[in-house]
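Here is what each chain is made of, one letter per residue.
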Amino acid sequence: MTSLTPIIVLTVFVAIFGVGIVVVSALLGPKKNWTKAKKIPYESGLPGQERKETKIPVKFYLTAILFIVFDIEVVFMYPWALTYTDAGLGGYIFGAMAVFVGLFIFGLIWEIKSKALEWD
Amino acid sequence: MGSDVFEISINFVKMVAIFLLMVNLVPMLVWVERRGSAFIQNRFGPNRVGPLGLIQLAADAIKFLFKEEFIPPKGNKALFLIAPIIALIPGAIAFCSIPLSVPIEISAFEMFGSQWGPYVFPFQSFEIGIGIVFVLGVSSLGAYSMLLAGFGSANKYSLYGALRASAQMISYELAMGLAIVGILIVYGTFDFAEMIAAQQGPLSIPLFEADHVVNKVLGILPNWGVFYQPVGFILLFVSVFAETNRLPFDLPEAESELVAGYHTEYGGIKMNMFYIGEYGHMMVASALIAVFYFGGYSLGTTLDTILVEGTIVPNMSALFASLLNLFGSGWEQSTNLINVVRAFVFHGIFMAKILLFLWIFVWVRWTLPRFRYDQLMDLGWKTMLPWALANTILTAFLMLFLR
């Protein structure tokens, strides 16, 4: 009985709820033979040309990589913010984070200058 | 979950009840959305089925259940089926970890010939000390359901919708995470209940006088976070629109470009489950905004004391006791009954605040046009992120002198 128990119980409950809905809907719905046209992916009325290995623009990978770097920096700020007033370190705790935020801003400017965030 | 049978069963019932509250609010919100959009666009909206079209919700739900199941033959069947189920989970867990009212204190009582209690039931499914961090972590898992839906559908519209959704969600998570840092500095806690407790009392603005700080009390205004963090409030409010994929940031399902985005191939109840997830995220976002910036389940100390504690709670518990007496005597206005009634009254206040913010979600959706994708990313990375950083540093700088 840890504090995780209710979370696990709730997750299982919601998952069972979701599976139940899907199964009930599958049982209740009509079953028809699908025509050939129904089996192809929806392409706004044009003949389907979809292959499995769709090419993904590299911008999305870049956004994900940048997100990881910046999100870790943001996560570092949470314990800092939590202990900010209680730590009793005066200006030092502010100065330390000012250096860190300086690096953060430097990274952001560099990222914008190198056109990593341009979508065209 | 508890120490004895009574506590465990109450906690389980509470957990299920809060989840069902969330799920059952969704059709109501769909109704509000349709009627609200009709109101804004000078139309009638659904008004035929039942009074004001309220039965339309039940009709819709039944219709969705009886739809034919479609699984794209070229897609990945497992991913396709698991995505809507995953969509339900993050919103539900995040919503259940937010305290929706004051804890219910039950003093010891006798039942079935044995002694029970005393208990304290928090008005949330589970107490977790790291409140915000947990909610942020869990609710960002919502991107998985969209990604899996997109990959499982084998449809280019779905895939692009899924990619856009995940890129947008992770980009705005930065601005959202940074906007919260300011409020964390002010309150110095991760716990929601402690935050709400910190917003009690009248608003007192610290002012500089000669060499020390004086707290100037400002009359009737409540001590809400929005007065300390106005910029943080605006940043959080804008970024939750992007996090929940709502207009003006609903690029993942931009129907003029992507048909229906990541749920193009879904139909019937499975598509509806994505909506339950989306509305669940909106409820979580509204609850977070209410807790951080608008006092959570409290109306401010003055109103709480006079209106809620002084008038509503005693009258309602008296009414409730007399109602119970109709079915069998022996019920009186005990402390336990008053505590339960008080918890539900505060719960009503909190739900009113959540519904107000949900209405703003609907209002914005039918008022503002959609952004372009590059504009959306520019706003997130080049505008909101620097503003959030500036807000954090300014708050930290001011808190150096005002602690």
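Conventions and cut-offs
Residues numbered from 1 in each chain as written. Chains lettered and ligands numbered in written order. Predicted model: local features only at pLDDT ≥ 70, side-chain atom pairs only at ≥ 80, totals over all residues. Helix = DSSP H or I, 4+ residues; strand = E, 2+ residues; numbered from the N terminus. Buried ≥ 20, exposed ≤ 12 C-beta atoms within 10 Å, placed from the backbone. Contact = placed C-beta atoms within 7 Å. Nonpolar A, V, L, I, M, F, W, Y, C, P; charged D, E, K, R; others polar. Core = buried A, V, L, I, M, F, W, Y, C linked by C-beta atoms within 7 Å. Axes fitted to C-alpha atoms, helices over the stretch in contact; angles between N-to-C directions. Parallel < 35°, antiparallel > 145°, perpendicular 65-115°, else oblique. Left-handed = near helix turned anticlockwise from the far one by under 90°. Expected span 1.5 Å × (residues − 1).

Some thoughts on the environment of B:V133
All names here are of chain B. Along the chain, the position of V133 falls in helix α4 (residues 131-139). The class for V133 is partly exposed, based on 18 C-beta atoms found within 10 Å. On a C-alpha basis, the gap between V133 and A242 in space is 19 Å, while along the polypeptide they are 109 residues apart.

Re the interface of chain B and chain A
Contacts between the two partners involve 63 residues from chain B and, on the opposite side, 55 residues from chain A. Looking at the side of chain B that touches chain A, the elements that each hand over two or more residues are α1 (5-40), α3 (77-96), α6 (156-187), α10 (268-293) and α13 (373-402) of chain B. Residues of the side of chain B that touches chain A, tallied by class, amount to 43 nonpolar, 9 polar and 11 charged.

Here's the deal with the nonpolar core
Residues and elements named next belong to chain B. Core analysis: the biggest nonpolar cluster contains 129 residues, and A92, A175 and M283 have the highest contact counts within it. Looking at this core, the element that brings in the most residues is α6, giving 22 residues. If we ignore the near neighbours within four places in the chain, the residues touching A175 are L235, S239, G380, M384, L385 and A388.

Some words on the packing of helix α1 (residues 5-28) of chain A against α10(B)
Between α1(A) and α10(B), the shortest axis-to-axis distance is 9 Å and the interhelical angle comes to 155 degrees. With respect to each other, α1(A) and α10(B) are oriented roughly antiparallel. Contacts between α1(A) and α10(B) involve A:G18, A:I21, A:V22 and A:S25 from the first element and B:G268, B:I269, B:K270 and B:M273 from the second. In terms of residue class, the contact of α1(A) with α10(B) is made up of 4 nonpolar, 3 polar and 1 charged.

Observations concerning the packing of α1(B) against α3(B)
Residue and element names in this part refer to chain B. Contact pair α1 / α3: the axes reach a minimum separation of 10 Å and the direction vectors enclose 120 degrees. The angle between α1 and α3 places the two elements in the oblique class. The hand of the α1/α3 crossing is right-handed. On the side of α1, the interface is formed by M15, I18, F19 and M22, while α3 contributes A92, F95 and C96.

As for helix α4 (residues 91-113) of chain A
In a regular helix each residue adds 1.5 Å, so 23 residues correspond to 33 Å; α4(A) covers 32 Å between its end C-alpha atoms and thus fits that length. Among all positions in α4(A), only A:M97, A:F104 and A:L108 are buried. On the buried face of α4(A), the contacting elements are α3 (58-82) of chain A together with α13 of chain B. Where α4(A) ends, the next residue or the one after it, A:K115, has phi of about 60 degrees, a positive value.

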